[in-house]
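Take a look at the letters that make up each chain.
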Amino acid sequence: MSQSFDTLALYDSLTPNERVELDRAMEENPALAEAFSRWNSLRAAVRRELASDLPDRSLLVLYALQDDADLLDDRERARLDAAQNNLGSVLERHPGLVAAVRRIRADREAFEHAWSTHTQTNGQARAEVATQPSKQDRPALRVVHRRSSARWIWRIAAMITIVLGATLLVHLAMRDAGFETIRAADLMAYDLPDGSSVELAAGAVLMVPDEGNFRQARLMAGNALFDIQRVETNPFVIETPNASVTVLGTTFGVDVTDIETEVVLASGIVELASHADRDAPVRLEPGQRSSVLSLDPPSQPVSADVNAALGWTGDLFIRAENMAVIAAQLSDAFNTTVEVAPELAGEMVSGTRFEREAGLESALQELAMSLDARVTVLEGSGFRITL
Amino acid sequence: MHALDPQAVVRAQQGDEAERERLLAALEPILRSFFRSRIGAGPDADDLVQNTLIRVHRGLEALQNPARLKAFAMKAALFELQDFYRGRYSARESLYDPDRPPSDPAGVGSAGLRLDLERAMSTLTPHARRIVELRELGFPYAEIAETLETTEAAVKMQVKRAFERLRDALVAIVLAILATSPSV
């Protein structure tokens, strides 16, 4: 139930299937529906107030550009001058508009960049621009560069270790039509055709469909960390030579070596089944692992060291915990003191994934941001998250 | 001479159709690159490029200083981008009424929804209020995160926390129902 309430707040960013599920939940639960109605009423009221206080959004653009004498013409400057007093009080009342001004200034910088890039007289520079793919045009395959800040996830994370025999590979090779094979020479990321993605460690071999059902992939060797788009009615299936992993959520990792498939789940839900008996899967809870040796049934899930299993990613995985527990885990991971103010100690934080390379302070800043808190440096060494 | 040079702009302003075509053609990749960098590639970016070109085409004669074509085009693009954000909810509202769930399953959509906005919003921290307002200004969570120099997940967590606080402030009765309702 509380998960449904959580999801309500983000209704307009849910997938159609998630919306259908939530709509159904609201039909069954008037309290849920009423909470949603009130939330939407409040949002609509915020929109009405913003529109009332600032009926002409172009004024915000002029306001954002006013510091550059060359950007506004006389007529625009006169418009802005006439609205200046009112605009000042509107911005004071609405922190969102202040942030929007900041966004417009960033838009301006982006425009300047686009302009200078395309109007350079240097032919070589222009040629480089012409061949530089945009973010969206980038090929699916790319080398992974570590993200600059900690990444948060509310999705499924699992680790799968797969070991297989040569005969099974031959058998699978006969079914490879319609699949593209990706061999990772180095740590790299690959965008799956359904919008999901996977990070592959050096040596990993992944097969992805280039037609038909895109909610599947085959991991033939190596380590991989999957980030799967959630589709309630269409689980993503990872086939290994001796097992199937059905992903009922979103992010999980994979490791392939010889004749064994091992799954370690950080958060969310996955099901693991042997190819010998696909109808008898085991379901893993967060923090558990299970394995399929050859064509034996999967082992009973047991507790796992998720961070040890996913250590190759360079990230630190923390399950949904209260802040006191998370602080202790971060303290252990980074070998320094991390304190939390008592009033924050009980605050629950959803499943998190921190990039170790970004450092402890980056992780703490992310946590503090989500809690409306701040990070202070302790005398000597260590940090404290406080209100 | 480049199509965006002031002399070329003057000729386009004076009715040289070929020069105007060259100018718009020269602007097109700049605008495409700009919009793609802000909202990603796709039909929306294509529409914004076209709308901005139309805005430039229609307003070109009014451009007093041809040397300021860049500022002129930039403002046209920024105005279009703001219109795009503002229109996000207009489009969505045509699909469902934001004041009620899509199917209003419990039939409560119109009951007791008069809100004391200020009182409700005062329960939020400035940071949470900033995020809620940015969302209602039409910005997607990813862009809000970029603007506030944080992650999309952290922004969404803030929204959930804001929802919790507002829910507590507005509908205390829901909590009591929650405690006795079966899981969904």
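Each value, and the rule that gives it
- Throughout this document, residue positions are counted from 1 along each chain, in the order its sequence is written.
- For naming, the first written chain is A and the first written ligand is 1, with later ones following in the order written.
- Reporting in this predicted model follows two pLDDT cut-offs: at least 70 for local features of residues, and 80 or more for side-chain atom pairs to be given and counted; totals over whole chains, interfaces and linings ignore these cut-offs and use all residues.
- Processing note: side-chain calculations cover all non-hydrogen atoms of the structure and skip hydrogens and water entirely.
- In short, DSSP must find at least two bridges between two strands for them to pair.
- Elements are defined by DSSP. Helices are runs of H or I of four residues or more, strands are runs of E of two residues or more, and each kind is numbered from the N terminus.
- Fitted lines through C-alpha atoms serve as axes, helices being fitted only where they are in contact, and the angles separating the N-to-C directions of these axes extend from 0 to 180 degrees.
- Whether two residues are in contact is decided by their heavy atoms: any pair within 4.5 Å suffices.
- Relative accessible area decides the class of each residue, using a 1.4 Å probe on protein chains only: under 20% of the type maximum gives buried, over 50% gives exposed, and in between gives partly exposed.
- What makes a salt bridge here is a side-chain nitrogen of Lys or Arg within 4 Å of a carboxyl oxygen of Asp or Glu, nothing more.

Caption draft 1: A look at the sheet that holds strand 23 (residues 383–386) of chain A. All names here are of chain A. Taken in spatial order, the 3 strands line up as 19-23-22 in an open sheet, and their pairing is mixed. On the outer flanks of this sheet lie strand 19 (338–340) and strand 22 (374–377), each paired with one strand and no other. Pairs of neighbouring strands in the sheet enclose a mean axial angle of 25°, with direction left out of account. Relative to strand 19, helix 10 (residues 323–334) is tilted by about 170°, and along the sheet it contacts strand 19 and strand 23. On top of the sheet, helix 11 (residues 360–371) reaches strand 19, strand 22 and strand 23; it is set at about 10° to strand 23, its chief contact.

Caption draft 2: Quick peek at the side chain of A:Ser274. All names here are of chain A. Within the secondary structure layout, Ser274 lies in strand 13 (residues 270–274). Exposure remark for Ser274: the relative accessible area of 2% places this residue in the buried category. Among residues more than four places away in sequence, those in contact with Ser274 are Asn242, Ala243, Val292, Leu295, Asp296, Pro297 and Pro298.

Caption draft 3: Fine view of the pattern of salt bridges. Scanning the entire structure with this criterion turns up 33 salt bridges over all chains. Of the charged contacts in the structure, one is a salt bridge between B:Asp83 and B:Arg55, with a shortest N-O distance of 3.3 Å. Highlighted residues: B:Asp83 in helix 4 (residues 69–95) and B:Arg55 in helix 3 (residues 43–59), separated in sequence by 28 residues. A salt bridge links B:Lys156 to B:Glu152, with the nearest nitrogen and oxygen atoms 3.3 Å apart. Here the residue B:Lys156 and the residue B:Glu152 both occupy positions in helix 8 (residues 152–170), the gap between them amounting to 4 residues, near one helical turn. If you follow the salt bridges from partner to partner, you end up with A:Asp12, A:Arg43, A:Arg47, B:Arg135 and B:Glu136 in one network.

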